[in-house]
Amino acid sequence: NVAVERKFERIGDAVANIGTYLSEAYEEKASFTKVDAVGLDDMFALLTEIYSCALQIYKTRDAKFYDRVQKDQDKINELENKIRQEHFIRIMESNAPSTPADRAFDDIIIQMELIGSLCFDIARLTINPSELHPEDSTPSHEFFRNNFLDDEGNFLTGGQRQLSQMSKKTLPPA
C-alpha cells in the first residue's frame with residue numbers, strides 16, 4: 001500500500017529530524033532539565049510500544065493490536081499536551097530567555113507526536129485501506145488510486161489495470 005509506505009518514510013524523516021535537534025542542542029552544550037528528560041523518556045516508551053504494534057499489524061494484517069494502537073495514540077496526545085504545558089510553565093516561571101535545549105525539546109516533542117500519529121495511520125490504513133485521511137485524497141492520489149491500485153491498495157499490473165478500468169465502465173442500454 002503506497003499510503004502506508006509513505007507513512008513509514010515520514011517516520012524515518014521525523015527520526016532524522018529528532019537526531020538533528022539533539023545534535024544541535026549537543027553542539028550548543030545545552031542540556032534538558034530532569035523533568036523534561038523524564039517526559040522525553042515517557043514519550044519514547046509510548047512510541048516504542050505504538051511502533052511495535054503498528055509494525056505487527058502491518059506485517060500480519062491482524063487487527064488484534066489495533067485497539068492498543070488507538071489507545072497509545074490517545075496517550076501520546078495527552079502526554080504531549082501535558083509535558084509541553086509543564087515545560088512552558090517552567091520557562092515562564094524562570095523568566096530566563098529560551099535556551100537551545102528549550103527549542104530542541106519543543107521540536108522533538110512535535111516530531112514524537114507526529115511519529116505516534118503516523119503509526120496510528122499505518123495501523124488504520126493496513127486494517128482498512130479504503131479509509132483515507134484528507135492528506136491521502138488529493139486529486140493526484142485519487143487518480144493514482146483509481147487507475148493503479150485495487151480495492152485493497154495493491155498495485156495492479158498492466159493487464160489487471162485494463163480489466164479493472166473495463167469493469168468500471170457501464171454498457172449503454174440495449
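Everything quoted here is computed from the prediction, not taken from an experiment.

Here we come to helix α4 (residues 100-127). Compared with the 40 Å implied by 1.5 Å per residue over 28 residues, the 41 Å span of α4 between its first and last C-alpha is a close match. Counting buried residues along α4, 21 of its 28 residues qualify, which places the element largely inside the surrounding structure.

Nonpolar side chains tend toward joint burial in soluble globular proteins. Counting residues in hydrophobic clusters, the biggest one holds 33 residues, and the most contacted among them are M43, L47, V69, I108, I109, M112 and I115. At the level of secondary structure, the elements contributing two or more residues to this core comprise α1 (2-27), α2 (34-60), α3 (66-94) and α4. The dominant element in this core, judged by the number of residues it contributes, is α4, at 12 residues. Aside from chain neighbours lying at most four places away, what touches M112 is I18, L40, M43, F44 and L47.

Residue K29 is not a glycine yet carries a positive backbone phi of 60°. Here K29 lies in the loop between α1 and α2. Accessibility expressed as a relative area gives 76% for K29, which makes it exposed. Of note, R61 is a non-glycine position whose phi angle comes to about 60°, a positive value. Mapped onto the elements, R61 comes out in the loop between α2 and α3.

Over its 26 residues, α1 extends 37 Å from the first C-alpha to the last, a length consistent with the 38 Å expected when each residue adds 1.5 Å. Residues of α1 that are buried include every one of A3, V4, K7, I11, A14, I18, Y21 and A25, and no others. In the core, the buried residues of α1 are packed alongside α2 and α4. Capping the start of α1, N1 holds a side-chain oxygen 2.9 Å from the backbone nitrogen of A3, two or three residues further along. Looking at the residues trailing α1, positive phi occurs at K29, about 60°.

Rules used in this analysis
Residues numbered from 1 in each chain as written. Predicted model: local features only at pLDDT ≥ 70, side-chain atom pairs only at ≥ 80, totals over all residues. Heavy atoms only, no water. Helix = DSSP H or I, 4+ residues; strand = E, 2+ residues; numbered from the N terminus. Expected span 1.5 Å × (residues − 1). Buried < 20%, exposed > 50% of the residue type's maximum accessible area, 1.4 Å probe, protein only. Core = buried A, V, L, I, M, F, W, Y, C linked by side-chain atoms within 4.5 Å. Contact = heavy atoms within 4.5 Å. Polar contact = N/O pair within 3.5 Å; in protein donor to acceptor, adjacent residues only side chain to side chain.

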